[in-house]
Amino acid sequence: MTRIERLRASLEEPLLITNGVNVRYLVGFSSSNAALFVEPERVRLFSDFRYAEAARAVEGVEFVETKRSLVAALAELLEGQVGFEADAVSYSSWEVLRAGGLALVPRRGLVEALRAVKDESELEAIRRAGEITSAAYARFAEERFVGRTERELAWRLDELFHEHGAHAPAFETIVASGPNSAKPHARPTDRTIEAGETIVVDAGAMVDGYNADCTRTFATGPLPDELDTAYAATLEAQLAGLAATRAGVTGVDADAAARDKIEGAGFGANFGHGLGHGVGLEVHEAPRLSRESGDTLGAGNVATVEPGVYLEGLGGIRIEDLVIVTDGEPEVLTSLDKELITVS
């Protein structure tokens, strides 16, 4: 079955798709201003003049060129009962569609559920992104850290991604040093890296629109005892999380397998985020591995396993691998050594 056919099998009414990532997933068309309307017997692709040539080349759809105000055009062109992506349509767009006389039915997660299970072409792109990420990290670990800024090192890792064949970085590369590494989603700053501290590096390569995501924590010399202990606890938790990440396990249970190790080491209050998340066309997508997850893992999911311990004012630790979920042990796509690497 094609992706469109698989989607149709879950529909109770025609579905209007306005999430650009979902449009790309279903028909391979990328645009900042596009919508797809999936009906029982046809699929219409809507976009404006800027994308018309590319849209006409998309197979299996009827292209309809619209004015730049896409939502207003849809309100005029569609009729009857229409499902819409409740997480992608703003309130103002909903008002425009409703004013056009449409009977709107909110739907959630229909395309995202398909995207969560990758096909072989998607897995190959993600594997390649993981290979490039691992190769770039290996080169990066040979760089001089002390005396350089976080921003400078982040730029260098991005260069290495390109040198190894990435089409782009998957997201803004994180290099967080010393006290900044205790902030889970720090951004690179002009802080100069010093000896005797942790450096959290969170980055990934993109290949054919598919992303990798990997975190390693480096040390610039001997660390305070508390950080050494935190690193050991995080590594033990990460390995436990990997062992639990397999088909049939809930996101809650996978998270608990890692969280129990960190709590047992006395750092439970310092691990405030979930264990991981799905990765694909977006860096954060289904499934979720967390205390709040409603997901059950399935073969073909791609997810991160990334516990962390964050000690405010001192430093942080995070260790993250990207994996393909299988019925047995996960296929780990990021290969840099997870024993603490000391850099100069």
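Structure: above.
Residues numbered from 1 in each chain as written. Predicted model: local features only at pLDDT ≥ 70, side-chain atom pairs only at ≥ 80, totals over all residues. Heavy atoms only, no water.

**What about the sheet that holds strand β11 (residues 210–211)?**
(1) Moving on: Spatially, β7-β10-β11 is the arrangement adopted by the three strands of the open sheet, whose pairing is antiparallel. Each having just a single partner strand, β7 (168–169) and β11 make up the two edges of the open sheet.
(2) Moving on: Here two bridges tie strand β10 (residues 205–207) to β11, and the two strands are oriented antiparallel to one another. Bridging from a neighbouring strand, Met-206 pairs with Asn-211 of β11. (Pairing = 2+ DSSP bridges. Helix = DSSP H or I, 4+ residues; strand = E, 2+ residues; numbered from the N terminus.)

**Comments concerning the environment of Ala-9**
(1) Moving on: Here Ala-9 is to be found in the loop between α1 (3–8) and β1 (15–17).
(2) Moving on: Of the residues examined, Ala-9 reaches a relative accessible area of 64% and is grouped as exposed. (Buried < 20%, exposed > 50% of the residue type's maximum accessible area, 1.4 Å probe, protein only.)

**A look at the environment of Ala-256**
(1) Moving on: Within the secondary structure, Ala-256 is located in helix α10 (residues 251–264).
(2) Moving on: Along the primary structure Ala-256 and Ala-113 are separated by 143 residues, whereas in three dimensions their C-alpha atoms are 23 Å apart.

**Quick notes on the packing of helix α4 (residues 70–77) against helix α5 (residues 91–99)**
(1) Moving on: Two elements in contact, α4 and α5, have axes whose closest approach is 8 Å; the angle formed by their N-to-C orientations is 25°. Looking at the two axes, α4 sits roughly parallel to α5. Relative to α5, the crossing made by α4 is right-handed. On the side of α4, the interface is formed by Val-71, Ala-72, Leu-74 and Ala-75, while α5 contributes Ser-93, Val-96 and Leu-97.
(2) Moving on: In the contact of α4 with α5, the residues fall into six nonpolar, one polar and no charged. (Axes fitted to C-alpha atoms, helices over the stretch in contact; angles between N-to-C directions. Parallel < 35°, antiparallel > 145°, perpendicular 65-115°, else oblique. Left-handed = near helix turned anticlockwise from the far one by under 90°. Contact = heavy atoms within 4.5 Å. Nonpolar A, V, L, I, M, F, W, Y, C, P; charged D, E, K, R; others polar.)

**Digging into the nonpolar core**
(1) Moving on: Membership of the largest hydrophobic core comes to 56 residues, with the highest contact counts inside it found for Ile-17, Leu-26, Val-27, Phe-29, Leu-36 and Phe-218.
(2) Moving on: Counting residues per element, this core draws most heavily on helix α7 (residues 120–140), which supplies eight residues.
(3) Moving on: Not counting residues within four places of it along the chain, the set of residues in contact with Phe-218 comprises Tyr-137, Phe-140, Ala-141, Phe-145, Glu-197, Thr-198, Ile-199, Val-201, Leu-336, Leu-340, Ile-341 and Val-343.
(4) Moving on: Counting 25 residues, the second largest nonpolar core, distinct from the first, contains Ala-219, Tyr-231, Leu-235 and Leu-311. (Core = buried A, V, L, I, M, F, W, Y, C linked by side-chain atoms within 4.5 Å.)

**Describing unusual backbone geometry**
(1) Moving on: Note the cis peptide between Ala-286 and Pro-287, where omega equals 0°.
(2) Moving on: Position of Pro-287 relative to the elements: it lies in strand β14 (residues 285–289).

**Focus on the layout of surface pockets**
(1) Moving on: The calculated volume of the largest pocket comes to roughly 470 Å³.
(2) Moving on: In terms of lining residues, the largest pocket is bounded by 29 residues, among which His-185, His-273, His-277, His-284 and Glu-306 are the most central.
(3) Moving on: Every element with two or more residues in the lining of the largest pocket is listed here: β13 (276–278) and β14.
(4) Moving on: Taken together, the residues of the lining of the largest pocket sort by class into nine nonpolar, nine polar and eleven charged. (1 Å grid on protein atoms, 1.4 Å probe; cavity = no way out; pocket = protein on both sides within 12 Å on 5 of 7 lines; lining within 4 Å. Points joined across faces, edges and corners; volume = space filled by probe spheres on them.)

**Notes on α10**
(1) Moving on: With 14 residues, α10 ought to run about 20 Å at 1.5 Å a step, and its terminal C-alpha atoms sit 20 Å apart, in line with that.
(2) Moving on: In α10, a bend of some 30° at Ala-257 exceeds every other bend along the element.
(3) Moving on: Every buried residue belonging to α10 is among Gly-251, Ala-254, Asp-255, Ala-258, Arg-259 and Ile-262, and all of these are buried.
(4) Moving on: Where α10 is buried, its residues contact α9 (225–244), β14 and β16 (308–311).
(5) Moving on: Once α10 finishes, Gly-266 follows within two positions and takes phi at roughly 90°, a positive value. (Expected span 1.5 Å × (residues − 1). Bend = angle between axes of the 7 residues up to and from the residue.)

**Things to note about the sheet that holds strand β5 (residues 81–85)**
(1) Moving on: Taken together, six strands build an open sheet; the order of strands is β4-β3-β2-β1-β5-β6 and the sheet is mixed. What marks the edges here is a single partner per strand, and that holds for β4 (62–66) and β6 (103–107). Between one strand axis and the next, the sheet turns through 25° on average, direction left out of account.
(2) Moving on: Taken together, the five bridges between β5 and β6 define a ladder with parallel strand orientation. Among the inter-strand pairings, Val-82 is bridged to a residue of β6, identified as Leu-104.
(3) Moving on: Of the strands in this sheet, β1, β2 (34–38), β3 (43–48) and β4 are in contact with α4, which crosses β3 at around 140°.

Any link to function would need more than the numbers given here.
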